[in-house]
Amino acid sequence: MVLEQSQLLSSMVWRSSLLNWYDTNKREFPWRINVSPYQTWICEVMSQQTTLVVVLPRFNEFIKKLPTVHALADVSDETLRSLWAGLGYYARARNLRSGAQYIVAQLGGAFPQTFEEWLKVPGVGPYTASVIVSICYGLPKACVDGNVIRVMARLTGTSSAEVWSESGRFQIQNLADRVIDQSRPGDFNQAMMELGALICRKQTPDCASCPVQSVCRANKLQIVESCPPNKPRKEFIQLQLFALILSSGSESARLCENIFLAERRQGFLSGTLGFPLIPVPDV
């Protein structure tokens, strides 16, 4: 896959148009009002595979209860689980706490200020690190998520499913790093994500309202609806499990008086506490 780059790289106008649109149309979120590495980090992890409608009330409660990285580092598992209720993927919450403990123990509570240093924080990957350093420290590191892949694929007229592959994502990351606005990298990244969420949607994109329609190759070729193709689905396997319930109480004892065996699971439902699970044997 080779991205059509010439028009994007040669034109500065579309970036100004995108940022002007963002300044007027951006949604107001608490992490955009009070910009800080801590709040940016929390909102980014919460937003992974979770809609903003669900994230917003949980974010506000989380920040109220745990306003600092020190508070997050010291939080109990019970409180953390309560604050994360409804967001799913509980491992993200544990990773946040591990990252906070690293920042407190290894960095004295001071947040990293470079992309490379953020990657050393447990649970922080390239995308999250890019979000934080571009928004909070003004470093020109592009953020590439599903929305940005779709926007870049349409801008360059790339109709290959390879955009979803590792090599395709690398090409898009490379191009996004080259076209990012150097003076406002954080706003540029948020504008690209906002464009993908509000205008350049997966279905029923609103091309008439798009601020960068003039440089959109997919629009000119009239292939917006099919560009890019749907992301290939992962193969799923069906797994049947028995829950092994072992109790020290007698059959006649009341349930509340029994002592049950529980374990911290590995693999499926990793990290959760519950009855041991064993696979149903093949017959």
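Note that residues are indexed from 1 along each chain, following the sequence as it is written. Confidence filtering applies because this is a predicted model: local features only for residues at pLDDT of at least 70, side-chain atom pairs given and counted only at 80 or more, and all residues used for totals across whole chains, interfaces and linings. The side-chain quantities take in all heavy atoms of the structure and omit both hydrogens and water.

Examining the overall build of the chain
Scanning the chain from terminus to terminus reveals 14 helices and four strands. Summary of the burial criterion: residues with accessible area below 20% of their type's maximum are buried, those above 50% are exposed, and those between are partly exposed, where the area comes from a 1.4 Å probe applied to protein chains only. Looking at the chain residue by residue over its 283 residues, the buried ones come to 40%. Whether two residues are in contact is decided by their heavy atoms, any of which lying within 4.5 Å being enough. Put simply, 64% of the contacts in the chain that link residues at least 6 apart link residues at least 24 apart. Here, Shrake-Rupley sampling with a 1.4 Å probe gives the accessible areas, and only protein chains in the shown set may cover a residue. Total accessible area computed for the chain in this model is approximately 15,700 Å², and 54% of it derives from carbon and sulfur atoms. Numbering of helices and strands starts at the N terminus; helices are DSSP runs of H or I of at least 4 residues and strands are runs of E of at least 2.

Side note on the packing of aromatic side chains
For Phe, Tyr and Trp, where Trp contributes only its six-membered ring, two rings pair if their centres lie within 6.5 Å, and the inter-plane angle classes them as stacked under 30 degrees, edge-to-face over 60, or tilted in between. The tally for this structure, following the rule as stated, stands at seven aromatic pairs. Ring plane angle 75° and centroid distance 6.2 Å describe the contact between phenylalanine 62 and tryptophan 84, whose orientation is recorded as edge-to-face. Of this pair, phenylalanine 62 sits in helix H5 (residues 52-65) while tryptophan 84 sits in helix H7 (residues 77-84), and the two are 22 residues apart along the sequence. For the pair formed by phenylalanine 62 and tryptophan 84, the shared burial category is buried. An aromatic cluster of at least three residues, connected via ring pairs, comprises Tyr38, Trp41, Phe111 and Trp118.

Focus: the pattern of salt bridges
Here, a salt bridge means any Lys or Arg side-chain nitrogen found within 4 Å of an Asp or Glu carboxyl oxygen. Under the criterion given, the structure shown has eight salt bridges. Measuring nitrogen to oxygen at the nearest pair gives 2.7 Å for the salt bridge that ties arginine 184 to aspartate 23. With arginine 184 in the loop between helix H12 (166-179) and helix H13 (185-198) and aspartate 23 in helix H2 (residues 13-25), this residue pair connects regions lying 161 residues apart in the sequence. In this structure, arginine 97 and aspartate 77 form a salt bridge, with 3.4 Å as the shortest nitrogen-oxygen distance. With a gap of 20 residues between them, arginine 97 in helix H8 (residues 91-107) and aspartate 77 in helix H7 connect regions that are remote in the sequence.

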